[in-house]
Amino acid sequence: VKVKDMKKLFFPFPSKIEQDRIVSLLENLELNILNSTDIIQHRLDYKNGIREEIFSKGLNHKKPKKIDWYFNKQLSIPSDWDVLSGEEIIRDTQLGLNPDNNLESKDIALIKMGNLTFGNFDLDNIECISKNQDDLESYMLKNNDFLFNTRNSEYLVGKSAVWKLNLEKAVFNNNLMRIWFHENIIPNPEFVSNYLSSHVGRRVLRRFSEKTVGVAAIYLHSLKEMKFLVPKPEEQKYIISILLNIDALIEKEKIHKLNLERLKKGLIQKLLTGQIRVQV
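Since this is a predicted model, take the numbers as computed values, not measurements. (Residues numbered from 1 in each chain as written. Predicted model: local features only at pLDDT ≥ 70, side-chain atom pairs only at ≥ 80, totals over all residues. Heavy atoms only, no water.)

Asker: Outline the sheet that holds strand β15 (residues 215–217), listing residues and values.
Answerer: A sheet is described by the order of its strands in space; here three strands give the open sequence β10-β15-β14, paired in antiparallel fashion. The sheet is open, and its two edges are formed by β10 (151–152) and β14 (210–212), each paired on a single side. Inspection of the sheet shows β14 paired to β15 by three bridges, in the antiparallel sense. Bridged to E210 within β15 is A217. (Pairing = 2+ DSSP bridges. Helix = DSSP H or I, 4+ residues; strand = E, 2+ residues; numbered from the N terminus.)

See below:
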């Protein structure tokens, strides 16, 4: 667009006082959005801090014991915690499907490794596949399903999260593994997800990742060899209740921020076209 052409355009302008009032209102909204962003980050940091303390001291700070750990080090854990292998806690597994991309109809959400974070899901960008995909029902996600990312980059492999019916219907692809645990040992898979998302767990994941050019993988045999820190089921439930309460506060603030962003977007359109007038 040339300057001479821009000079020929006409722009609707309110008075300077009304312009200032519009700008002030939008700036205040933006400040509230930034403040909400800070609150979300603060609560995330708080959750991470609590989680790191739990997996180093436990909840009741009982007399610790030293155990031999990876990297030629010892780890201090609560005296009544167990160290179990994946073989001991995993009951069954299932790799996701390899969808047929040639099917035109797109009906069912497909959860991929990019939709998985450490401990949660990012569903902003979702691909869909046809409901006519073969054997689709056996890959349908159910409430409380534990998903594990088997292939990714070195620092992202091993992401895991627990599905909470985040979408009405969804399946998962073959870069993800669904894992079932022995319920008498792991009553809630959220505990394992939080362990693998902690500093201790993520170092263990890197220890067991098998690297090729540009890709790292953690296969089932490595998962079965991996060490897991496991308190008694009652303590696991209490730990999860604490972390889920913080998650609820984070989610509440995210909704608040989303509403502010929608409000600002709508007001920009209406204030700058005069559909809504501000008092001067």
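Asker: Any details on the nonpolar core? Residues and values, ideally.
Answerer: Counting 39 residues, the largest nonpolar core has W69, Y195, L196, L223, M226, F228 and L229 as its most contacted members. Discounting residues that sit within four places of it in the chain, Y195 has contacts with F55, W69, V200, G201, V204, K227, F228 and L229. Formed by 19 residues, the second largest nonpolar core is a distinct cluster that contains I108, A109, L116 and L176. (Core = buried A, V, L, I, M, F, W, Y, C linked by side-chain atoms within 4.5 Å. Buried < 20%, exposed > 50% of the residue type's maximum accessible area, 1.4 Å probe, protein only. Contact = heavy atoms within 4.5 Å.)

Asker: Lay out unusual backbone geometry in plain terms, naming residues and giving numbers.
Answerer: One non-glycine residue, N72, lies in the positive phi region at around 55°. Its identity as a non-glycine residue notwithstanding, N144 has a phi of 75°, on the positive side.

Asker: Mind laying out a nonpolar patch on the surface, listing which residues take part and the relevant values?
Answerer: On the surface, a cluster of nonpolar side chains totalling about 630 Å² of accessible area is made up of V1, M6, L9, F11 and F13. Relative to the elements of secondary structure, M6 occurs in helix α1 (residues 3–6). (Patch = residues over 30% accessible without salt bridge, like charges linked within 9 Å, V, L, I, M, F, W, Y side chains within 5 Å. Areas by Shrake-Rupley, 256 points an atom, 1.4 Å probe, with all protein chains shown as cover. Salt bridge = Lys/Arg side-chain N within 4 Å of Asp/Glu carboxyl O.)

Asker: So what's going on with helix α4 (residues 190–197)? Residues and values would help.
Answerer: The element α4 is extensively covered by neighbouring structure, given that eight of its eight residues are classed as buried. Within the sequence span of α4, burial applies to E190, F191, V192, S193, N194, Y195, L196 and S197.

Asker: Got a sec to walk through the side chain of R178? Specific residues and values, please.
Answerer: Note on placement: R178 falls in strand β13 (residues 176–181). A distance of 2.7 Å separates a polar atom in the side chain of R178 from a polar atom in the side chain of Q94. Polar contacts involving the side chain of R178 include one to the main-chain carbonyl oxygen of S138, which spans 2.9 Å. In this structure, R178 is in contact with D92, T93, Q94, S138, Y139, M140, L141, K142, D145, F146, L147 and F172, ignoring residues within four places of it in sequence. (Polar contact = N/O pair within 3.5 Å; in protein donor to acceptor, adjacent residues only side chain to side chain.)

Asker: Give me the lowdown on the environment of D92, citing residues and values where you can.
Answerer: Of note, D92 is situated in strand β4 (residues 90–95). Here the alpha-carbon distance between D92 and F181, two residues 89 residues apart in the chain, equals 7.0 Å. Among residues more than four places away in sequence, those in contact with D92 are R178, I179 and W180.

Asker: Describe the packing of helix α2 (residues 16–57) against helix α7 (residues 233–271), and please don't skip the residues or the numbers.
Answerer: At their nearest, the axes of α2 and α7 sit 10 Å apart, and the two run at 165° to each other. Judged on the interaxial angle alone, α7 and α2 are roughly antiparallel. At the point where α2 passes α7, the crossing takes the left-handed sense. Grouping the amino acids of the contact of α2 with α7 by side-chain chemistry returns 22 nonpolar, four polar and 10 charged. (Axes fitted to C-alpha atoms, helices over the stretch in contact; angles between N-to-C directions. Parallel < 35°, antiparallel > 145°, perpendicular 65-115°, else oblique. Left-handed = near helix turned anticlockwise from the far one by under 90°. Nonpolar A, V, L, I, M, F, W, Y, C, P; charged D, E, K, R; others polar.)

Asker: Describe the pairing of strand β5 (residues 108–111), naming the residues involved and giving the relevant values.
Answerer: Residues I108 and L110 line one face of β5 and the alternating positions A109 and I111 line the opposite face, and both faces are buried. The sheet contact formed by β5 and strand β8 (residues 127–129) spans three bridges and is antiparallel. Within β8, the residue paired with I108 across the bridge is I129. In this structure, β5 lies alongside strand β12 (residues 170–172), joined through three bridges in parallel fashion. Looking at the pairing, A109 lines up with A170 of β12.

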